[in-house]
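Report on the structure
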Amino acid sequence: MSSKVRVRYAPSPTGELHIGNARTALFNYLFARHHGGDFIIRTEDTDLIRNIEQGESSQLDNLTWLNIEWDEAVDKPNPQYAPYRQSERLHIYEPLIQQLLDEDKAYRCYMTSEELDAEAQAQREAGETPRYGGAHAHLTPEQEQAFIDEGRDYSIRFRVNSEAVYAFDDIVKGDISFKANDVAGDFVILKRDGMPTYNFAVTVDDHYMDITHVLRGDDHIANTPRQMMIYEAFGWEPPRFGHMTLIINEEGRKLSKRDGGIIQFIEQYRDLGYLPEALFNFVALLGWSPEGEEELFTQEELIKIFDENRLSNSPAAFDRDKLLWIGNEYMKKADLQRVVDLAFPHLIKAGLVEDNPSQETIEWATRLVGLYQEQMAYGAQIVELASLFFNEDLKLDQASIDELSSETGLVVVKAIKEKLTQLPEEEFVAENVRPLMNEIRDEHDIRGRQLFMPIRIAVSGVMSGPEVPDLIELLGKEKVLDHIHQVEQQIS
Ligand code: GLU
């Protein structure tokens, strides 16, 4: 085994990049970079039926978006290890399968799917866990010939030593051991369609690609003893394994792809206009935490402080509020132009800005986004946040009505209306609005929230939003006075 750390992310191209897989990729990436090792992406495409077109390219594309760079993959082959798609490595698996057959560590099984199903069904009915019972484990050459003559095809099964125990020191979970007998009957390593199974291919590839550490989701933990059996059969040294706990939703259940409440695919976050570095930071804290309380880290910092021994052994809870908080922290610090680029498509999609906006519209929308940047966690939020700029009708909620109907509220609304009415349109800018608010404060001795809140509600209809003078400037005189008028109707 090479001494340099080499880890891999091994996606099956059966779908888009899921947040759980992104996390696996991300931790492998951080681990490799932290230890000055290599990060490899291997495409596990042996399930011909479930593979989807673009499965591989969209995974790579979304990893690139997340700024997870790899050292080797289909697009960056190292001749020593290529190819990086399992479907192109069949010539590597074939002689190894043959070797196992020759050494009687594997055998051909001619049972049909119907026979296997019937066996499993009978076991289930007897209250047993279905497993291959070994019916074809010791066929005579004559029996084999008879099956061949019948025209049956075969799969190849690995002969499990049911007495053996497979133990390993898991990076995340500590000492683990499996009795072979509890894990599996003789399992398939080559399917009838000529493709190797996951457990066989992954073992061969991890070995030949000099993978030193396998960090993956703990849904694979029961596969590990099977893989260890194969390492053993070839006399190879296994890598170190680490099985990360799954991500759970707020109800404590495993994240399922049908979970409507949680956005599951990286592509969707991208479409919503999240900043990739915010998502990177968020995903890095899903099941891993550094020492201390700090939660905001750049990628470089994460590489520096990443410690695989701090991967959590309890399920990682997906915390939506934390995602929004992290998203907002990054948004606040981002260049306005980046925020605009993330928000603009959503204004267009919502029909609030025309498709080919004029320079004037672009400038206006840039100011609009600037107004809300402090409040945004992702680009699409602009549509909701800035809705008062697009809605013709303001509808006050009861709390706002109460606020305005108070003694001071009524005074403030009347006063701001008068002052703004007198302010000429060309002077309708934030720096002229501030002194007007101070005048009201001095004339009526109303200050603080009692002053600002009624003005905010009167011009915008809602109780939160950007700085009031900036809001007034961007809304412009006509809209501001129209809003105040509408608001007055609802409190009288
Ligand atoms: N192709 C497997 C998966 O997508 C990889 C598992 C592993 O890392 O060994 O789950």
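Up top you'll find the structure we're talking about.
Residues numbered from 1 in each chain as written. Predicted model: local features only at pLDDT ≥ 70, side-chain atom pairs only at ≥ 80, totals over all residues. Heavy atoms only, no water.

This part takes up the nonpolar core. Residues I19, L30, F39, Y372, F389 and L420 are the most contacted members of the largest nonpolar core, which totals 106 residues. When sequence neighbours within four positions are dropped, the list of residues in contact with F389 reads W364, L368, L371, Y372, L471, L474, L475 and K479. (Core = buried A, V, L, I, M, F, W, Y, C linked by side-chain atoms within 4.5 Å. Buried < 20%, exposed > 50% of the residue type's maximum accessible area, 1.4 Å probe, protein only. Contact = heavy atoms within 4.5 Å.)

Bringing the site of the ligand into the picture now. Lining the immediate surroundings of the ligand are R8, A10, S12, E44, Y198, V202, R216 and H220. In the model, a nitrogen atom of the ligand is placed 2.6 Å from a nitrogen or oxygen of the E44 side chain. In this structure, Y198 approaches the ligand through a side-chain N or O atom, which is 2.6 Å from an oxygen atom. Relative to its unbound accessible surface of 300 Å², the ligand loses 82% to contact with the protein. Of the residues assigned to the shell around the ligand, the class counts are three nonpolar, two polar and three charged. (Near = heavy atom within 4 Å. Polar contact = N/O pair within 3.5 Å; in protein donor to acceptor, adjacent residues only side chain to side chain. Areas by Shrake-Rupley, 256 points an atom, 1.4 Å probe, with all protein chains shown as cover. Nonpolar A, V, L, I, M, F, W, Y, C, P; charged D, E, K, R; others polar.)

For the structure shown, the criterion picks out 20 aromatic pairs. Between F27 and F306 the ring centres are 5.8 Å apart and the planes differ by 25 degrees, which places this aromatic pair in the stacked class. On the criterion of sequence distance, the pair formed by F27 in helix 1 (residues 19–34) and F306 in the loop between helix 11 (299–305) and strand 11 (316–317) is long-range, its members being 279 residues apart. A residue is classified by how much of its surface remains accessible, and F27, at 0% relative accessible area, is buried. Ring pairing ties together the aromatic residues Y93, F200, Y208, Y231, F234 and W236, which thus form one cluster. One Lys or Arg, R157, reaches over the ring of Y132 and ends 3.6 Å from the middle of that ring. One residue, K333, lies across the ring of Y330, its end atom 6.0 Å from the ring centre. (Phe/Tyr/Trp six-rings, centres within 6.5 Å; stacked < 30°, edge-to-face > 60°. Helix = DSSP H or I, 4+ residues; strand = E, 2+ residues; numbered from the N terminus. Lys NZ or Arg CZ within 6 Å of the ring centre and 35° of its normal.)

Here the focus is a negative patch on the surface. Side chains of E392, D393, E425, E426, E427, E478 and D482 sit close together on the surface and give a patch of like negative charge. By the element assignment, D393 lies in the loop between helix 15 (381–385) and helix 16 (398–405). On the accessibility criterion, D393 (61% relative accessible area) is exposed. (Patch = residues over 30% accessible without salt bridge, like charges linked within 9 Å, V, L, I, M, F, W, Y side chains within 5 Å. Salt bridge = Lys/Arg side-chain N within 4 Å of Asp/Glu carboxyl O. Lys, Arg positive; Asp, Glu negative; His and termini not counted. Charge placed at Lys NZ, Arg CZ, Asp CG, Glu CD.)

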